[in-house]
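Overview (structure and organization)
Spelled out from the first residue to the last, the chains are:
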Amino acid sequence: MCIRDRDGTEKEVKPDEKTKQIIYTISNKKEDTEIYFRKKAESNNDDGKPQYLEDAEFELLYKANDQSKSTNVKDADGNNLVVKSDTNGIFKFTNLKNGTYQVKETKAPTGYIKRTEPVYTFKVKDNKIYNNDDTEIEDNSEDKPIDIENKKATFPLTGGNGVFTGLSLIHI
């Protein structure tokens, strides 16, 4: 007798010589769909290497295929799920079910501007992840994350042109 594995390969199964029984154990394992991201600065360090950003916080919005509105993914306590980038800028979302997701930044690292629009949109279908244009995302891992960039916050110089213009208007 032959059985076919999940990947389609056939395996021959023979009965035990003494008992004449065939014992075959089948295990079901839930596949965990996950996606990795890396938060980095828009510009590199002075040495030309990427600058990865720690302590950025993100929420995940979910929309099932039959829904018109996205809702926040909840944690085990019923609160909005929040993940934080580590010292290498890495963060991930796990246990993803079929549907469309948006990654929303809720806190930017110190000295950087928080992005107001969703930073990334992706889809999950049958434990595979797709870009918003339906191309499959392959080889996504902690070593090959999707990069999300942030701009540094810039502030006007004290006594710059803004102050001069203001004094000119007062004089008139």
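Everything here concerns the structure above.
Attention in this report is confined to the structure presented alongside it. (Residues numbered from 1 in each chain as written. Predicted model: local features only at pLDDT ≥ 70, side-chain atom pairs only at ≥ 80, totals over all residues. Heavy atoms only, no water.)

This part takes up the nonpolar core. By size, the foremost hydrophobic cluster in this structure holds 21 residues, and its most contacted members are Ile 35, Phe 37, Phe 93, Val 103 and Phe 122. Mapped by element, the contributors of at least two residues to this core are strand S3 (35-41), strand S4 (57-63), strand S7 (90-93), strand S8 (99-107), strand S9 (120-125) and strand S11 (146-150). With sequence-adjacent residues up to four places away left out, Phe 93 is seen in contact with Thr 33, Glu 34, Ile 35, Phe 37, Phe 58, Glu 59, Leu 60, Leu 81, Val 83 and Val 103. (Core = buried A, V, L, I, M, F, W, Y, C linked by side-chain atoms within 4.5 Å. Buried < 20%, exposed > 50% of the residue type's maximum accessible area, 1.4 Å probe, protein only. Helix = DSSP H or I, 4+ residues; strand = E, 2+ residues; numbered from the N terminus. Contact = heavy atoms within 4.5 Å.)

Bringing the pattern of salt bridges into the picture now. Here the structure, examined in full by the defined rule, presents seven salt bridges. With its nearest N and O atoms 3.8 Å apart, the salt bridge here joins Glu 57 to Lys 84. Here Glu 57, found in strand S4, pairs with Lys 84, found in strand S6 (residues 82-84); they are 27 residues apart in sequence, far enough to count as distant. Judged by relative accessible area, which is 45%, Lys 84 ranks as partly exposed. Between Glu 117 and Arg 115 there is a salt bridge whose closest N-O contact spans 3.1 Å. For Glu 117, a relative accessible area of 38% gives the class partly exposed. Residue classification places Arg 115 among the partly exposed positions, given a relative accessible area of 24%. By sharing partners, the salt bridges in this structure join Arg 38, Lys 40 and Asp 147 into a single network. (Salt bridge = Lys/Arg side-chain N within 4 Å of Asp/Glu carboxyl O.)

The subject of this paragraph is the environment of Pro 15. Looking at the element boundaries, Pro 15 is found in the loop between strand S2 (10-12) and S3. Take Pro 15: its relative accessible area is 43%, and that puts it in the partly exposed class. Discounting chain neighbours no more than four positions away, the residues touching Pro 15 are Lys 20, Gln 21 and Ile 22.

We now examine the packing of aromatic side chains. Inspection of the entire model under this criterion finds nine aromatic pairs. Taking the centre distance of 5.3 Å and the plane angle of 20° together, the rings of Phe 37 and Phe 91 count as stacked. You can see Phe 37 sitting in strand S3 and its partner Phe 91 sitting in strand S7, a full 54 residues away along the chain. An identical accessibility class is assigned to Phe 37 and Phe 91; each is buried. (Phe/Tyr/Trp six-rings, centres within 6.5 Å; stacked < 30°, edge-to-face > 60°.)

Right, let's talk about the sheet that holds S3 for a bit. Taken in spatial order, the three strands line up as S7-S3-S11 in an open sheet, and their pairing is mixed. Every interior strand has two partners, whereas the edge strands, S7 and S11, have only one. Recorded for the sheet is a direction-independent mean angle of 30° between the axes of neighbouring strands. (Pairing = 2+ DSSP bridges. Axes fitted to C-alpha atoms, helices over the stretch in contact; angles between N-to-C directions.)

This next bit is on the side chain of Ser 85. One can find Ser 85 in the loop between S6 and S7. A relative accessible area of 3% means that Ser 85 is categorised as buried. Engagement of the side chain of Ser 85 in a polar contact is seen with the backbone oxygen of Leu 53, the distance being 2.9 Å. (Polar contact = N/O pair within 3.5 Å; in protein donor to acceptor, adjacent residues only side chain to side chain.)

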